[in-house]
Amino acid sequence: MSPEEIKLRLSSGLLSFPVTHFDSDLRLNLASYREHVAWLSSFDAAALFAAGGTGEFFSLSPEEVGEVTRAAKEVSGDVPIISGCGYGIELAKDVARRAEKAGADGLLLLPHYLIGAPQEGIYQHVKAVCDATGLGVIIYNRANSVANADTVARLADACPNLIGFKDGTGKVDLVRNVTAKLGDRLCYIGGMPTHELFAEAFNAVGVTTYSSAVFNFVPQLAQRFYRAMRAEDRATMAAILDGFFFEFARIRDREVGYPVSIIKAGVELIGRTPGPVRPPLTNLRPEEKDMLAKLIESAGV
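Residues numbered from 1 in each chain as written. Predicted model: local features only at pLDDT ≥ 70, side-chain atom pairs only at ≥ 80, totals over all residues. Heavy atoms only, no water.

Let's shift gears to the overall build of the chain. Helix and strand counts for the chain come out as 12 helices and 8 strands. In terms of C-alpha radius of gyration, the chain reaches 18 Å, essentially the compact-globule figure of 19 Å for 301 residues. Taking the principal axes of its C-alpha atoms as reference, the chain extends roughly 50 × 45 × 35 Å. For the chain, the residues scored as buried account for 56% of the 301 residues in total. Of the contacts formed within the chain by residues at least 6 apart in sequence, a portion of 72% connects residues at least 24 apart. (Helix = DSSP H or I, 4+ residues; strand = E, 2+ residues; numbered from the N terminus. Rg over C-alpha atoms; globule rule 2.2 N^0.38 Å. Buried < 20%, exposed > 50% of the residue type's maximum accessible area, 1.4 Å probe, protein only. Contact = heavy atoms within 4.5 Å.)

Taken in spatial order, the 8 strands line up as β1-β2-β3-β4-β5-β6-β7-β8 in an open sheet, and their pairing is parallel. The outermost strands of the open sheet, each flanked by one partner alone, are β1 (15–16) and β8 (209–210). In the sheet, strand β2 (residues 47–50) pairs with strand β3 (residues 81–85) via 3 bridges, with the strands oriented parallel. Residue pairing for β3: F49 is matched across the bridge by I82. (Pairing = 2+ DSSP bridges.)

β3 sits mainly inside the fold: 5 of its 5 residues count as buried. What you see with β3 is no split at all: I81, S83 and C85 on one side and I82 and G84 on the other are buried throughout. With helix α3 (residues 62–75) bridging β2 and its parallel neighbour β3, the resulting β-α-β unit is right-handed. Examined bridge by bridge, β3 and strand β4 (residues 106–109) share 4 bridges and lie parallel to one another. Its bridge partner lying in β4, I82 is registered against G106. Note that the unit made of β3, helix α4 (residues 89–101) and β4 has a crossover that is right-handed. (Right-handed = clockwise from strand over helix to strand, strands pointing away.)

A few words on the packing of α4 against helix α5 (residues 119–131). For the pair α4 and α5, interaxial distance at closest approach is 9 Å and the crossing angle is 25°. When the axis of α4 is compared with that of α5, the two are roughly parallel. Considering the relative orientation of α4 and α5, their crossing is right-handed. Contacts between α4 and α5 involve I89, A92, K93 and A96 from the first element and H125, A128 and V129 from the second. For the contact of α4 with α5, the per-class residue count stands at 5 nonpolar, 1 polar and 1 charged. (Axes fitted to C-alpha atoms, helices over the stretch in contact; angles between N-to-C directions. Parallel < 35°, antiparallel > 145°, perpendicular 65-115°, else oblique. Left-handed = near helix turned anticlockwise from the far one by under 90°. Nonpolar A, V, L, I, M, F, W, Y, C, P; charged D, E, K, R; others polar.)

Alternating positions in strand β7 (residues 187–190) separate into two faces, C187 and I189 on one and Y188 and G190 on the other, with burial throughout. Sheet topology note: the strand β6 (residues 162–167)/β7 ladder contains 4 bridges and is parallel. Pairing of D167 across the sheet is with G190, part of β7. Handedness of the β-α-β unit built from β6, helix α7 (residues 172–182) and β7 comes out right-handed. Pairing geometry for β7 and β8, over 2 bridges, is parallel. Each bridged residue has a counterpart across the sheet, and for G190 the counterpart in β8 is Y210.

Worth remembering: the numbers are spatial, not functional.
What follows is the structure in structure tokens.
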């Protein structure tokens, strides 16, 4: 897909990040992963992100990112696959080239490694990655890599294949500044952990889609909530938040790193085999998995 085509597709519906499946020895389990991605692709996602944050991009080698991306493309049918990308500039360019070779339809550029950087440094880093690939690129504003509206505008002018802006800061004023300045030049994606908790507020400032982590194991519930948001059906949104998401967040917040671990636990609880998380993340404790299982059951999903 061309950058413009993937931009339009990303804006058309709900997005999600399949977890990366490992075996008991923490090696890639691509057979199980393909089955999961194929199943998710049947639930009308606008796009799926291979080896993204929920897919433990940070624990994968560049070679593994390519393998995971290729495996997702093999089974996703008409659903586009966006590959995670990141780390320092040379590694990020290497991952971008590997993802493109593996058939990715676009890239999500996660924050650079470790250090903070001034706006000029962020600009040069993102531009270098965009210049290294023909794929459409989404910048992910989060953690130590937060571009302001002027920097995003400079990048949009310099990089025709920059097609999206994803926010993980939760700073509505910054996001509104970006959407006001860039208009329809980019697509805008919500990327807060369990973004359903923030979706209504972000929708009001022009962020009309988001990545749903729980889509991994309750895709129908995730789609129902998304449709309610787009229809401004606050009663349905409130009911789903009360019946599922608030309690889900309470379990998630019991330990650092659980925003990924709890998704893998959910995938296991519906009968799939995602395997454990790789260190430094830790898996849910047995009692927490029981809490999650009861929540899934009580929510009727």
